[in-house]
Each structure stands twice: as structure tokens, then as C-alpha cells.
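These are the residues of each chain, in order.
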Number of protein chains: 4
Amino acid sequence: MIKVLIWNEFAHEKTDDKVKVIYPDGIHKAIADFLGCDDISVKTATLDDENCGITKEILDDTDVLLWWGHMRHRDVPDEIAMMVRDAVLEGMGMIFLHSAHHSKPFKFLMGTSCNLSWREDGDMERVWVTKPSHPIVQGIGRYFELEHEETYAEPFDIPEPDQTILMGWYEGGEVFRSGCVYIRGNGKIFYFQPGHESFPTYYNKDVQTVIKNAVYWAKPNYRAPLECPNIKKIGTE
Amino acid sequence: MIKVLIWNEFAHEKTDDKVKVIYPDGIHKAIADFLGCDDISVKTATLDDENCGITKEILDDTDVLLWWGHMRHRDVPDEIAMMVRDAVLEGMGMIFLHSAHHSKPFKFLMGTSCNLSWREDGDMERVWVTKPSHPIVQGIGRYFELEHEETYAEPFDIPEPDQTILMGWYEGGEVFRSGCVYIRGNGKIFYFQPGHESFPTYYNKDVQTVIKNAVYWAKPNYRAPLECPNIKKIGTE
Amino acid sequence: MIKVLIWNEFAHEKTDDKVKVIYPDGIHKAIADFLGCDDISVKTATLDDENCGITKEILDDTDVLLWWGHMRHRDVPDEIAMMVRDAVLEGMGMIFLHSAHHSKPFKFLMGTSCNLSWREDGDMERVWVTKPSHPIVQGIGRYFELEHEETYAEPFDIPEPDQTILMGWYEGGEVFRSGCVYIRGNGKIFYFQPGHESFPTYYNKDVQTVIKNAVYWAKPNYRAPLECPNIKKIGTE
Amino acid sequence: MIKVLIWNEFAHEKTDDKVKVIYPDGIHKAIADFLGCDDISVKTATLDDENCGITKEILDDTDVLLWWGHMRHRDVPDEIAMMVRDAVLEGMGMIFLHSAHHSKPFKFLMGTSCNLSWREDGDMERVWVTKPSHPIVQGIGRYFELEHEETYAEPFDIPEPDQTILMGWYEGGEVFRSGCVYIRGNGKIFYFQPGHESFPTYYNKDVQTVIKNAVYWAKPNYRAPLECPNIKKIGTE
């Protein structure tokens with residue numbers, strides 16, 4: 001059983017009528033609905049929960065954390081974002097969705113600005129598989145299409161990914177590295193670009209397949225506390 | 001003075017009237033015309049030259065080798081392609097242009113199939129800068145456009161690049177990693193996708209800027225023969 | 001069931017009395033003895049077998065290929081080495097042992113000289129785990145020791161590994177990247193430095209653990225023939 | 001002229017007699033003494049300076065920043081460390097020395113714990129060149145030796161380096177990735193392990209050569225403010 005925690009800022013869905021119609025119970029619930037299965041148990045947490053819904057104990061009991069945030073990134077305290085970063089370094093898997101490119105945990109893990117160019121014209125996006133053998137894209141064809149998405153454009157200021165497994169093409173003329181995988185410390189990280197709050201992206205079957213595959217992929221096989229030990233000379237221990 | 005050798009298969013330009021009109025003296029001459037300057041001395045070689053125009057002495061006297069080939073990749077003997085590979089490993093810079101993705105020297109250096117998907121519909125291509133700070137893209141804006149290019153599409157079976165500095169967007173809906181840099185041995189390698197023989201791509205100012213920048217970037221700062229020495233125990237030399 | 005093929009040059013063991021005593025039935029048999037289990041079926045092949053014991057059909061029926069060679073690398077025809085390379089690119093896992101750093105399949109997959117410095121003084125080697133979370137080093141402590149090994153020293157002319165998971169320390173003063181993993185095409189590749197023919201390295205429990213772990217790790221999850229398709233414009237297929 | 005700023009915590013040198021003897025004016029002064037030349041202008045800053053000696057203006061006027069810190073990492077405010085990180089992402093070069101592996105700017109740029117194992121037994125260290133063609137190791141032989149250094153041992157929890165150019169061998173049996181280069185954003189980063197305060201490491205000629213080379217290598221060729229622009233659809237600008 002893989003223990004998944006879906007964290008959602010849960011702000012747009014409360015305040016924006018257009019978003020409320022699409023995700024009446026929040027993006028986290030929409031994701032929970034398709035992820036939960038015999039292999040995967042799902043919990044959710046949101047920004048307005050006590051302590052943002054995150055404690056050391058909760059993270060210790062999480063195999064893979066999903067993160068969606070956008071307009072209230074700054075309301076996540078640095079200490080909580082660093083606690084999340086450290087959990088990843090210890091081995092917890094982590095999936096960053098869409099505008100979480102600017103979330104504190106992602107920026108703390110990447111070490112870069114994670115800036116990009118963007119526009120909201122509701123372009124059609126075609127997401128191409130660039131690494132067909134990667135576990136995360138199994139069950140996807142050469143590409144999949146999203147009728148409308150927010151446009152994210154290069155340059156995307158990230159460390160060169162361990163592997164770029166998906167790339168986005170936008171109707172209006174931009175390109176973007178839409179699926180990037182990293183290992184940091186003991187943890188596996190996946191950034192996945194689709195998922196603007198104004199569009200029903202998380203109901204798309206291919207998007208769901210990618211996210212579900214990513215959960216299996218990111219599941220830790222090893223987890224250990226962070227240590228910087230003062231060792232003894234070999235033979236004198 | 002940087003010593004550049006431009007190698008061209010020089011086949012289409014002799015046999016295809018459409019190509020002949022665009023590159024009457026061969027693609028190599030069109031490239032030589034914009035590369036040559038006070039800092040850069042240019043020589044050319046073609047497939048039908050004796051020994052393909054390549055000897056150990058010629059490579060030893062070359063700082064940066066450019067390679068264009070397409071329909072006659074197989075006519076380059078393995079030994080010559082391996083001699084080129086070894087010169088790169090010793091330190092020679094190398095720029096692979098367009099369909100040279102399937103040339104023997106590129107495949108020998110990458111170790112992968114270098115396969116991609118392709119179609120010839122004369123799509124407009126917009127080439128995006130994904131790493132604005134890289135020396136090769138200085139003087140280029142956010143992107144440049146080519147009115148017509150052959151469409152190269154992902155997946156492109158290459159080792160994950162050291163850096164992906166350019167990405168192509170095609171009118172018809174595909175994306176491609178159009179500018180990739182690698183270090184192999186002591187040598188620097190740049191793969192640059194634009195340059196189909198049927199279009200006047202090498203007369204484009206931005207394409208010329210990229211190629212010229214790449215020559216400066218790929219110039220060796222160190223060159224040494226390949227050796228696998230039987231060393232002595234330290235203190236007993 | 002993982003189908004493993006162990007390929008051994010099987011030359012030293014026939015001609016060198018010292019080696020014969022350690023590996024009377026060949027290095028391949030010593031490895032087969034500890035690898036075979038309920039999950040892993042093992043076959044072997046050697047250089048003097050017909051066609052080097054390798055055909056397209058045999059490779060298609062192999063999940064993970066192990067390779068040991070040294071004094072007769074050149075007797076493996078280029079075509080066979082390229083067939084092995086292509087099988088890896090299609091998805092077959094591959095483990096290169098010790099002096100296989102200079103085998104044709106390894107060099108073809110890496111694209112570099114794979115040169116290193118070496119001496120045979122029977123130094124003690126301590127092999128350090130540099131990435132404790134990697135599946136290949138599970139069950140290994142901080143390091144393991146080999147009473148005697150051939151010394152392999154940096155610089156090792158390989159593409160920067162996807163991950164360096166083991167590093168060797170030699171009594172006489174050298175260091176080496178002893179465990180390196182790569183993805184190439186659809187295949188996973190592991191280079192593992194220990195295993196000189198003159199020492200009983202393959203009877204070491206930690207060495208056996210690493211190799212067995214590597215078999216599980218390299219097992220393909222995806223396999224597809226190499227293709228460079230002429231695609232149709234989207235919407236016109 | 002390359003504008004270098006050497007930042008030193010400057011704590012051990014004031015409080016520890018043993019260190020005071022070696023670096024009476026501080027480690028920063030010892031480094032400044034060998035770096036300053038016709039091409040390089042050197043300034044210094046220390047932790048106890050106002051604002052840690054660091055402002056946005058100072059960073060904007062710095063080409064390459066060197067950082068030495070150890071016992072008082074935590075006294076550098078997060079805001080200042082993030083200002084340093086952002087300057088690197090904008091293009092400033094940066095060199096982290098020895099125990100700066102645990103400095104806030106390094107950890108913020110790497111995104112990992114940067115933990116390692118360590119012991120202080122004054123072992124001899126032999127530092128091996130693993131990438132002889134890298135600009136930072138020009139003028140260094142196969143290796144150089146430090147009579148005494150603090151022992152830093154793997155595992156070193158860093159993102160896989162863009163290139164590992166130096167590796168350390170310690171008398172007592174450990175190994176370490178002693179020279180690692182990274183590109184992050186527009187900036188170049190070099191981590192260099194030697195430099196314990198208790199030993200005269202910065203008077204060693206090879207150490208000085210490496211650091212001086214690194215300054216030339218890290219010098220920015222491009223610098224731009226961090227932006228995440230809301231772009232217009234192409235054709236509607």
C-alpha cells in the first residue's frame with residue numbers, strides 16, 4: 001500500500017466561481033478520486049488546515065506527496081517548506097503539479113528561481129512523450145492533448161533535469177519541458193506542468209495516468225534520516 | 001585564429017535541382033562564407049574527396065569540425081568516423097548540423113540510435129532559447145523563426161544532454177530538442193537541428209549567429225592523445 | 001523470472017594456471033552459481049561459442065546481459081558488439097564487469113575511449129557507497145573491502161554518469177568511480193569495477209550482492225525496436 | 001578585470017590560537033594575497049561586518065564570490081543567503097571552499113542536505129584530477145598532495161555534479177568528490193573541498209592554482225535579473 005498525501009492550497013476553488021464549478025470540492029479531491037485504489041491510500045491536506053496540514057509525523061507517514069499551489073505560496077511558512085524538502089531528501093517521493101513550480105518546497109529542492117514565461121489564453125496544448133521507456137509515461141501514446149491549458153513557456157529556470165520525459169507544444173507557438181524527473185538525496189521528484197485551475201485538466205485520462213504512474217515511480221525504496229556523522233578512523237572504531 | 005573544417009556530404013546539391021538553386025556551391029560553401037573572419041580560418045572537405053577529405057593530420061590541425069550529411073552516411077567508412085570520434089575525445093570541438101544526427105561520428109559519440117520522427121511538409125519552425133546564458137545563444141532573442149524547415153519530432157534518442165539550449169516548435173504540432181550540448185572526453189559537441197537542404201536555412205542570420213557562437217564555444221582549451229597507461233605505484237616511479 | 005545471460009571471454013581461465021585455480025569452470029560459472037535463484041534464470045555464453053554465443057534471437061530472449069572480457073576484446077566482431085548495443089537501446093539491461101570497460105559494447109554505448117590508468121600490485125581496495133539509496137547498493141554497509149584487486153585509477157574517460165553509486169579507494173593511493181549507472185535508449189547500464197581474474201572477487205558476498213541487485217535494477221520495464229519513422233502531419237493520418 | 005569578493009566567516013582565526021598562527025589576518029587575506037593580480041581585483045567581507053558585508057549593490061558589483069564558513073553558518077541570515085543565491089542565478093560566479101558545503105548559500109543552491117562524513121585526524125590527502133581537460137585543473141598534474149587535511153568522506157549528499165573534476169583519497173581510507181562543478185540559472189558554481197582552518201592548505205601552490213583557475217572559469221559571460229514574465233501571444237504584442 002502506497003500512502004499518498006495530496007496537498008492543495010485550496011484557494012481559487014473557494015473564491016473563483018469559474019474554478020468552483022470545475023473543482024467544487026477542490027483540486028485535491030479531484031485527484032484523490034482517481035488515485036485511490038487497492039494499492040494507493042490517499043489523504044489530503046490544505047493550506048488552511050492547522051500547520052498547513054503538515055507535521056513531521058504526517059510526512060514520516062507519507063510515501064508520496066503531491067503539491068498544488070499558486071496564489072498563496074508565500075503563506076506556507078519557510079519552516080514547513082523546509083520540513084517537506086527534508087522529507088524528500090530522506091526518501092519521500094514528491095510530485096509537483098503545475099503552478100507548484102513556484103512553491104517553496106520545489107524552489108528549495110531545485111535551488112533555482114523556477115521562473116518561466118506564462119500567459120492565460122486558453123491555448124490547446126499537445127504534450128509529447130520524449131522518453132517512451134520511462135515508467136511515468138507507460139500507457140500514454142506519442143502525445144496527448146489538452147483542449148485548454150495555461151501556456152507555460154521556456155526558458156524554465158530549473159537545474160538540467162535528470163530526464164526530460166514530456167515536452168509541451170502550445171497552439172500559440174511556445175514550448176515547455178512539461179515533465180521533468182530528479183533525484184535529490186534519497187527522494188524522487190517529478191514536476192508535471194498541466195493543471196491550471198480554470199480548466200478540467202485533472203479529469204483528463206492521460207493526465208490521470210501520468211500522475212498515477214508517477215506515484216508508483218516515486219514510492220521510496222529507501223528512507224533514512226539526514227546525518228552528517230563524525231566518523232572514527234577505520235580500524236579504531 | 002580558430003581553425004575550422006566544414007565537412008559536407010555534398011550529394012543533394014549535385015543531384016537535386018531544387019537544392020542546387022539554393023546552395024549552388026554546396027552547403028559547405030554557404031557556411032564557409034559566413035564563418036570566415038579575422039578570428040576563424042575555414043577549410044572544407046566533402047565525401048568524394050580522397051579519404052573523404054579526412055586524415056589524422058587534417059584532424060590534428062582542426063580546432064572545430066562541422067558536419068553535414070544525410071543520404072550517404074553509410075559511405076563514410078567506419079574507420080574514418082572512428083578517427084573523427086577519437087579526435088573529439090582528444091579535444092577537437094565538433095558541431096553536428098541537422099541530418100548529421102544520423103551520421104556515423106555523431107552516433108559513435110552518443111552511443112545511442114539518435115533516431116527521431118520526421119516529416120517533410122515545409123512547416124514553419126520557431127526555435128526557442130531555453131538557456132539564455134549559454135554562450136552559443138548570445139545575440140539571439142527569445143526565439144527565432146524559420147519560414148520552412150523539415151520537421152524533426154521527439155522522441156529523439158540521445159543521451160540526456162549536458163544542457164538543452166534550444167527547443168523547436170513546429171507549425172504542424174511537434175516539438176524537438178533543437179540545440180544540445182555535450183562534453184565527451186576532452187571535446188565539446190553541439191548538435192543543432194536546423195538546416196534541411198531544401199530550404200535556405202544557412203542564410204538565416206540567427207542560424208549563422210548560433211553556428212558562429214558554437215565555433216567559439218567548441219574551440220579546444222586542452223588536447224591530449226588517448227592513453228590507457230600502466231602506472232607505477234606511487235613512490236616507486 | 002528474469003532471464004540473465006552471462007557472457008565471458010573465457011580466455012585467462014584456460015591459459016593461466018593461477019586463474020584456473022580460482023575459476024576452474026570460468027568466471028561465468030562462478031557468477032552463474034550465485035545469481036541463479038527462483039527469480040533469475042541464468043544462461044552463459046563465451047567468445048569461442050559459435051557467433052560468440054550471441055544472436056539477435058538470444059538477445060531478444062535476454063532481460064539482462066552481463067559481460068566480462070579482457071585480453072580478447074578485439075576478437076568480438078564489430079557487428080556483434082553493435083547488435084548488443086542495439087539490444088540495450090531497445091531495452092535490455094546490461095552489466096559491464098571490471099575490464100569490460102574496454103569491451104566493444106561498452107565503448108560503443110559510452111561513445112568515449114573508456115580509458116583509465118591501471119597497475120597490478122594486488123592492492124587492497126575499499127569500495128565506498130556514495131549513493132546509499134540506490135537499489136544496487138541495498139544490503140551493503142558504508143563500504144566493503146577486497147583484500148586484493150587490480151588498481152584502476154582516474155581519470156576514467158566516460159560520459160559523466162547518471163549517478164556515481166560506488167567509489168574505490170586503493171591502498172597504494174588511487175581512487176576510481178567503481179560503480180556507475182546510465183540510461184541509454186530504453187536500457188539501463190551498470191558498470192562495476194571489481195573483478196580481476198587473478199583474485200577471487202566474485203566469491204565475495206558484497207560483490208555478489210551488488211551484482212544481484214543490479215540484475216533486478218536493470219531488468220527492462222519497456223522494450224521496443226529502434227525506429228526512425230516518417231510521420232504524417234497530425235490530422236492527416 | 002574580474003571583480004572578486006572573498007567572504008570569510010573569520011571566527012576560528014580570532015579565537016583559536018592554532019588557527020591564528022596559520023592565518024593571522026584571516027583565511028580571506030591569505031586567499032586575497034595569491035588571487036590579486038592584473039586581471040583580478042579582490043575585496044573581502046566577513047560575518048561581523050555590517051549586514052555580513054553583503055548588500056545587493058555589492059553583489060551586483062561582484063563577478064565571482066568565494067565563500068568560507070564553518071562554525072557560524074547559522075549567523076548568516078536567511079535573507080542574505082537567499083540574496084547570494086539569487087545573485088548566482090542571475091549570473092555571478094561562486095566558489096564554495098571546504099566547510100562551506102554546509103553554508104546556507106550552498107545548501108540553498110544545491111537543494112540537498114550537503115551532508116558528508118568527517119573526522120579530524122590530520123590525514124594526508126591526495127587529490128586526483130578526474131577531468132584533465134577542465135579549465136579549473138590546468139597546470140595541475142595527475143594529482144596533488146596535502147600533508148594534512150580534515151577528512152571528508154562519502155556519501156556526500158549533493159545533486160549529481162555536472163562534472164566531477166577532482167576526487168580526494170585519504171590516508172586513513174576514505175574517498176570524496178573534492179571538486180564539483182554546477183551551472184544553476186546563469187551562474188557557475190565550483191565546490192572545492194580542501195581548506196581546513198587548522199592546516200596551511202591555502203598556501204599550497206596547487207590549491208592556489210585551482211582556485212585562481214576557478215575564478216577565471218566562473219566569471220560571468222551573461223547576467224540578467226530574475227523574471228517570470230506574463231507574455232503576450234505571439235503576433236499580438
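What counts and how
- Residues numbered from 1 in each chain as written.
- Chains lettered and ligands numbered in written order.
- Predicted model: local features only at pLDDT ≥ 70, side-chain atom pairs only at ≥ 80, totals over all residues.
- Helix = DSSP H or I, 4+ residues; strand = E, 2+ residues; numbered from the N terminus.
- Contact = placed C-beta atoms within 7 Å.
- Least-squares fit on C-alpha atoms with pLDDT ≥ 70 in both.
- Nonpolar A, V, L, I, M, F, W, Y, C, P; charged D, E, K, R; others polar.
- Pairing = 2+ DSSP bridges.
- Axes fitted to C-alpha atoms, helices over the stretch in contact; angles between N-to-C directions.
- Parallel < 35°, antiparallel > 145°, perpendicular 65-115°, else oblique.
- Buried ≥ 20, exposed ≤ 12 C-beta atoms within 10 Å, placed from the backbone.

A. Region of interest: the overall build of chain A. For chain A, the helix and strand inventory stands at seven helices and 11 strands. Oriented by its inertia axes, the alpha-carbon framework of chain A measures out at about 65 × 40 × 35 Å. Summarising the internal contacts of chain A: among those between residues at least 6 apart in sequence, 72% fall at separations of at least 24.

B. The relation of the copies chain D and chain A, seen in detail. Rotating chain D by 180° about the axis while translating it 0.0 Å along that axis superimposes it on chain A, leaving an RMSD of 0.0 Å. Taken together, these values place the two copies in the relation of a two-fold axis. Distance from the rotation axis, computed per C-alpha, reaches its smallest value in chain D at Gly111(D): 2.5 Å. A share of 100% of the interface residues of chain D reappears at the interface of chain A, consistent with the copies meeting face to face through the same patch.

C. Region of interest: the interface of chain C and chain B. If you look at the interface, chain C gives 29 residues, while chain B gives 29 residues. The set of elements that each furnish at least two residues to the side of chain C that touches chain B consists of helix H6 (104-110) and strand E5 (117-129) of chain C. Top contributing element to the side of chain C that touches chain B by residue count: E5(C), with four residues. Its residues assigned to classes, the side of chain C that touches chain B comprises 13 nonpolar, nine polar and seven charged.

D. Representation of the sheet that holds strand E8 (residues 175-184) of chain C. Residue and element names in this part refer to chain C. Across the sheet, which stays open at both edges, the nine strands sit in the order E2-E1-E3-E4-E9-E8-E7-E5-E6 with mixed pairing between neighbours. With one partner strand each, in any of the chains shown, strand E2 (40-46) and strand E6 (143-153) form the two edges of the open sheet. Across this sheet, the average inter-strand angle for adjacent strands is 25°, counted without regard to direction. For strand E1 (residues 2-8) and E2, the ladder comprises seven bridges, and the chain directions are parallel. Residue Ile6 lies in a different strand from E2, and its bridge partner there is Thr44. Along the sheet, helix H3 (residues 27-35) contacts E1, E2 and strand E3 (64-68); its crossing angle with E2, the most-contacted strand, is approximately 175°. Across the sheet, helix H7 (residues 205-218) touches E1, E2, E3, strand E4 (93-97), E6 and strand E9 (187-192), and the angle it forms with E9 is around 170°.

E. Structural view of the interface of chain D and chain A. Each partner contributes residues to the interface: chain D has 29 residues there, and chain A has 29 residues. Taken together, the elements giving at least two residues each to the side of chain D that touches chain A come down to helix H6 (104-110) and strand E5 (117-119) of chain D. The residue inventory of the side of chain D that touches chain A, partitioned by class, reads 13 nonpolar, nine polar and seven charged.

F. Summary view of the relation of the copies chain C and chain B. With an RMSD of 0.0 Å, the fit of chain C onto chain B corresponds to turning through 180° and sliding 0.0 Å along the axis. Take the interface residues of chain C: 100% of them recur as interface residues in chain B, which is what a same-surface contact looks like.

G. Layout of the sheet that holds strand E4 (residues 93-97) of chain A. Residues and elements named next belong to chain A. One open sheet accounts for nine strands, arranged E2-E1-E3-E4-E11-E10-E9-E6-E7; its pairing is mixed. Each having just a single partner strand, strand E2 (40-46) and strand E7 (143-146) make up the two edges of the open sheet. Adjacent strand axes in the sheet meet at a mean angle of 20°, parallel and antiparallel pairs treated alike. Its contacts with the sheet put helix H3 (residues 27-35) on strand E1 (2-8), E2 and strand E3 (64-68), and the angle it makes with E2 is roughly 175°. The sheet strands contacting helix H7 (residues 205-218) are E1, E2, E3, E4, E7 and strand E11 (187-192), and the helix crosses E11 at an angle near 170°.

H. Layout of the packing of H3(A) against H7(A). All names here are of chain A. Packing of H3 against H7 leaves a shortest axis separation of 10 Å and a crossing angle of 75°. Classified by the interaxial angle, the pair formed by H3 and H7 is roughly perpendicular. In contact with Ile31, Phe34 and Leu35 of H3, H7 contributes Gln208, Ile211, Lys212 and Val215.

I. Molecular detail of unusual backbone geometry. With an omega dihedral of 5°, the bond running from Glu154(A) to Pro155(A) counts as a cis peptide bond. Note that Pro155(A) resides in the loop between strand E8 (151-153) and strand E9 (163-170). Of note, the phi angle at His98(C) is positive, near 50°, even though the residue is not glycine. Residue position: His98(C) is located in the loop between E4 and H6. Of note, Phe10(D) is a non-glycine position whose phi angle comes to about 55°, a positive value. With respect to the helices and strands, Phe10(D) occurs in the loop between strand E1 (2-8) and helix H1 (12-15).

J. Layout of the pairing of strand E11 (residues 187-192) of chain D. Residue and element names in this part refer to chain D. In terms of residue burial, E11 counts as a mostly covered element, since six of its six residues are buried. Burial along E11 is two-sided: the face carrying Gly187, Ile189 and Tyr191 and the face carrying Lys188, Phe190 and Phe192 are both buried. Note: strand E4 (residues 93-97) against E11, four bridges, orientation parallel. From the neighbouring strand, Met94 faces E11, where its bridge partner is Ile189. Taken together, strand E10 (residues 175-184) and the strand that follows it, E11, pair antiparallel across an intervening segment of two residues, in which Gly185 is found at a positive phi of about 60°.

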